[in-house]
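Now for the letters of each chain:
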Amino acid sequence: MNGKIRSFFAKPVVKPLAALLLMAVAMTFLSDKFATADNIFNVLRQVSVNLCISVGMTMVILTGGIDLSVGSILALSGAVAAGLTRNGLAVGGVFVGFTFWGGILAALLTGAILGAFNGLMVTRFKVPPFVATLGMMTIARGLTMLYTGGFPITGLSNAFRFLGTGWFLGVPMPVWVAAVIILFFAFYMKKTPTGRYIYAIGGNQRASLLSGIRVDRIILLVYTLAGVLSAVAGLLVTARLDSAQPNAGAGYELDAIAAVVIGGTSLSGGRGSIAGTVVGALIIGILNNGLVLLDVSPFWQQVIKGFVILGAVIIDKFSSKNQY
Amino acid sequence: MKLKSVFISVLCVLTALTGCRQDGGGSKGRVAVVISTLNNPWFVVLGESAAQYARELGYEAVLFDSQNNPSKEAEHFDNILSSGYKAILFNPTDADGSTVNAKAAMAKGVPVFCMDREINEPGAAVTQILSDNYSGCIALGEYFVETVGREANYVEILGLVGDNNTWARSRGFHSVVDCFEGLHMLAQQNADFDQNKAMEVMETMMQANPDIQAVFCGNDAMAMGASQAILAAGKSGRIKVFGFDGSDDAVGAVRDGRLAATAMQFPKTMARTAAQFADRYLSGEHDLPRKIPVAVELVNPENVSHFGNFGRRD
């Protein structure tokens, strides 16, 4: 029994979880508006976009990589879904209309293609992930501008609006989407061989290669998944706003990386978990929500957020120093 | 073999790139249009109309995007000054930070014409054609008091806290509204001119302050985000939303009653004036006014039918 408790507290997710609870308790005392059902659902709904991206980011970072292109892929996928369902596609005089599901599929495909492109750059052309995805960040943003002409695409279907603002069994739709993704990938990382290989590659790429893991294939898969998950996030943002903004998602890569790092995942790969990332994203979400609830000056908000990120990482480092 | 294929692919890319070039115009020389950002439809309209009007006047026009970054802007100026442009239609990223760039151009004999945003040094441009943000927000503030009343709670959503237009708008608005003791601002938060951020900030502010009757937003994208949050919270009609810019979707929203009012800035008018002034200057007319303020007009449900397409319809 004692051993069980000790092994629970030794889990890396426990420290960020404790920080999350501490923040939630503090906020409950600071603002009587915080712990209301409405506000909790607000936080969850606002966090769901970052959660989708962060799950993909966690896998990428676990392999020792990074993906800076998620925000731009989000924007392009959202614009593709909105543009195709609204205006269809005209190729060589042939007009193709898109239904809601057609638009969703096209967006996910866009994410997959751009993500796979990242993966190919990293595996085939040996471009460092930071540079490869930095390139894609600019490319995808440019493609978004080209496709939208710099204007938002507005006026989407009811199905889209339901995805963004609807409720199902008393829970907002974006929260359902994020929950399904989290559960699926948490299981995937823990219980499938591919999931374990992702950890192995980040731990020691050469050893993984020598033990017969098809490293290139897994890395390609991970970047593709990150692209698809950014596309899901793009669909959520587009659906919530009832419009696709050409500058959507700018800076989201940093929120995602922050969530992953606060959640205890090592930036050098091999160590961390989806659960930790979920906690990290919730910490950022509660912080964003709490600072506005308390009407903290916008100038101070940035300072405070920066210190919270640093603080979380320092605590994690010091309490698990034997791992570094 | 490998070298050859690399060479061929580079050649292919270069050939493909020529297809991406912006189409030129007449033969009176080249004019550069430098825009602070093309991430926002309003600035896209400003930049593209400036280029369009310059082409109509017989120039070749090339559009540069400074991506809200003064150092990117400086690079554009370096390139422009070394490649024989006749004039620069300029939308500065920053009132102070852009001064050096504009002065460098003027010193090299390339005239600069500012659009929308000001440069804080009078000699750094031939003419500055400016949108009067401050006065526009005074008008908006007066309409705010008229529609919301003298006893109400409201919140404000600022744009970028490091941007001078953000504060010009906020100060114009408050110069009116703060005269009324019954009008209480319960919260003031920023959303970086971003629709999604504004929606999230609005959701949270409504949680913190259940009893608000109005929200003033520093631009239309944020007003649309706030109105989306109000809609989702089932509070439509109970919280009045005020925007600024006159973008198409916001004018449409004023028509539908989702926004209480916005203020129309006239990007096309400013772009046309800048292009015409550049043409006059280049034809030898050097005695041009230093500053031309372009009024910002209030758009409310009564007069909304006169507005659209980034200007007046009539």
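These numbers come from a predicted model, not from an experiment.

Asks: Just to check I follow, could you spell out the overall build of chain A for this structure?
Replies: A count of helical and extended segments in chain A gives 14 helices and six strands. Rg of the C-alpha trace for chain A: 20 Å, near the compact-globule value of 20 Å for 324 residues, within the 12% margin. Taken along the three principal axes of its C-alpha coordinates, chain A extends 70 × 55 × 40 Å. Taking all 324 residues of chain A together, 52% fall into the buried category. As displayed, chain A has an accessible area near 14800 Å², and 71% of this comes from carbon and sulfur atoms. Separation of charge centres in chain A, based on 22 positive and 9 negative side chains, amounts to 14 Å.

Asks: I would appreciate a short explanation of helix α10 (residues 267-282) of chain B in the present structure.
Replies: In an α-helix, one turn spans 3.6 residues; hence positions three or four apart end up facing the same way. Residue and element names in this part refer to chain B. Between its terminal C-alpha atoms α10 stretches 22 Å, which fits the 22 Å expected from 16 residues at 1.5 Å a residue. All of the buried residues in α10 are P267, M270, A271, T273, A274, A275, F277, A278, D279 and Y281. Lining the buried residues of α10 we find α2 (41-56), β3 (87-90), β4 (112-116), β5 (127-131) and β11 (291-294).

Asks: In this structure, what is going on with helix α3 (residues 70-81) of chain B? I would like to understand it.
Replies: Residue and element names in this part refer to chain B. Its 12 residues give α3 an end-to-end C-alpha distance of 16 Å, which sits within 8% of 16 Å, the value for a rise of 1.5 Å per residue. Within α3 the residues assigned to the buried category are E73, H76, F77, I80 and L81. Take α3 and look down its axis: the buried residues cluster within an arc of 125°, on one side only.

Asks: Just checking my understanding: could you explain the sheet that holds β3 of chain B for this structure?
Replies: Within a beta sheet, neighbouring strands are joined by backbone hydrogen bonds and run either parallel or antiparallel to one another. Residue and element names in this part refer to chain B. Across the sheet, which stays open at both edges, the six strands sit in the order β2-β1-β3-β4-β5-β11 with parallel pairing between neighbours. Two strands close off the open sheet at either side, each with one partner strand: β2 (60-65) and β11. For this sheet, the mean angle separating the axes of adjacent strands, direction not counted, is 15°. For β4 and β5, the ladder comprises four bridges, and the chain directions are parallel. From the neighbouring strand, M115 faces β5, where its bridge partner is I129. The sheet strands contacting α10 are β3, β4, β5 and β11, and the helix crosses β4 at an angle near 170°.

Asks: Would you take a moment to explain the nonpolar core for this structure?
Replies: Taken as a class, soluble globular proteins show a tendency for nonpolar side chains to be buried jointly. Counting residues in hydrophobic clusters, the biggest one holds 148 residues, and the most contacted among them are F185 of chain A together with L89, F113, M115, I157, M202 and V215 of chain B. For this core, the element with the highest residue contribution is helix α11 (residues 215-241) of chain A, accounting for 15 residues. Sequence-distant contacts of I157 of chain B, defined by excluding residues within four places in its chain, comprise Q189, N190, A191, A198, M202, M205, V215, F216, C217, G218, M222 and A226 of chain B. One finds L140, F173, V176 and L298 of chain B within the second-largest nonpolar core, a separate group that totals 21 residues.

Asks: Help me understand the sheet that holds strand β6 (residues 152-158) of chain B, please; the structure alone is not making it clear to me.
Replies: All names here are of chain B. One open sheet accounts for four strands, arranged β7-β6-β8-β9; its pairing is parallel. Each end of this open sheet is capped by a strand with a single partner; those strands are β7 (183-190) and β9 (240-242). Going across the sheet, the axis of each strand differs from the next one's by a mean of 20°, ignoring polarity. By the bridge criterion, four bridges tie β6 to strand β8 (residues 214-217) in an arrangement that is parallel. Note on β8: the bridge partner recorded for E156 is F216. Against the sheet, helix α5 (residues 133-148) contacts β6, β7, β8 and β9, and its axis sits at roughly 175° relative to β9.

Asks: Would you mind showing me how to read the environment of Y252 of chain A here?
Replies: Turning to its location among the elements, Y252 of chain A is positioned in helix α12 (residues 252-262). Taking relative accessible area as the criterion, Y252 of chain A reaches 16% and is therefore assigned buried. Here the alpha-carbon distance between Y252 of chain A and V171 of chain A, two residues 81 residues apart in the chain, equals 24 Å. Excluding its chain neighbours within four sequence positions, the residues that come into contact with Y252 of chain A are V49, I53, G71, L74 and V237 of chain A together with N196 of chain B.

Asks: Sorry, what's going on with the interface of chain A and chain B here?
Replies: Interfaces are frequently sized by the accessible area removed from exposure as the parts join. The partner chain B presents 29 residues to the 32 residues of chain A that form the contact. Carbon and sulfur atoms supply 52% of the area buried between chain A and chain B, which totals about 2600 Å² over both sides. If you sort the residues of chain A by the area they bury against chain B, R240, L241 and V292 of chain A come out on top, with a joint share of 21%. Our count for the contact surface shared by chain A and chain B stands at two salt bridges.

Asks: Can you walk me through the environment of G234 of chain A in this structure?
Replies: Residue and element names in this part refer to chain A. For G234, the position within the fold is in helix α11. A residue is classified by how much of its surface remains accessible, and G234, at 1% relative accessible area, is buried. On a C-alpha basis, the gap between G234 and R161 in space is 13 Å, while along the polypeptide they are 73 residues apart. With near-sequence residues (within four places) excluded, G234 lies in contact with L74 and G78.

Asks: What's the story with a nonpolar patch on the surface in this structure? I'm lost.
Replies: Taken together, the side chains of W300, V303, F307, L310, I314 and F318 of chain A define a hydrophobic patch exposed on the protein surface, amounting to about 700 Å² of accessible area. Mapped onto the secondary structure, F318 of chain A falls in helix α14 (residues 298-319).

About the criteria used
- Residues numbered from 1 in each chain as written.
- Chains lettered and ligands numbered in written order.
- Predicted model: local features only at pLDDT ≥ 70, side-chain atom pairs only at ≥ 80, totals over all residues.
- Heavy atoms only, no water.
- Helix = DSSP H or I, 4+ residues; strand = E, 2+ residues; numbered from the N terminus.
- Rg over C-alpha atoms; globule rule 2.2 N^0.38 Å.
- Buried < 20%, exposed > 50% of the residue type's maximum accessible area, 1.4 Å probe, protein only.
- Areas by Shrake-Rupley, 256 points an atom, 1.4 Å probe, with all protein chains shown as cover.
- Lys, Arg positive; Asp, Glu negative; His and termini not counted.
- Charge placed at Lys NZ, Arg CZ, Asp CG, Glu CD.
- Expected span 1.5 Å × (residues − 1).
- Contact = heavy atoms within 4.5 Å.
- Arc of directions from axis to C-beta.
- Pairing = 2+ DSSP bridges.
- Axes fitted to C-alpha atoms, helices over the stretch in contact; angles between N-to-C directions.
- Core = buried A, V, L, I, M, F, W, Y, C linked by side-chain atoms within 4.5 Å.
- Buried area = accessible area lost by both parts, 1.4 Å probe.
- Salt bridge = Lys/Arg side-chain N within 4 Å of Asp/Glu carboxyl O.
- Patch = residues over 30% accessible without salt bridge, like charges linked within 9 Å, V, L, I, M, F, W, Y side chains within 5 Å.

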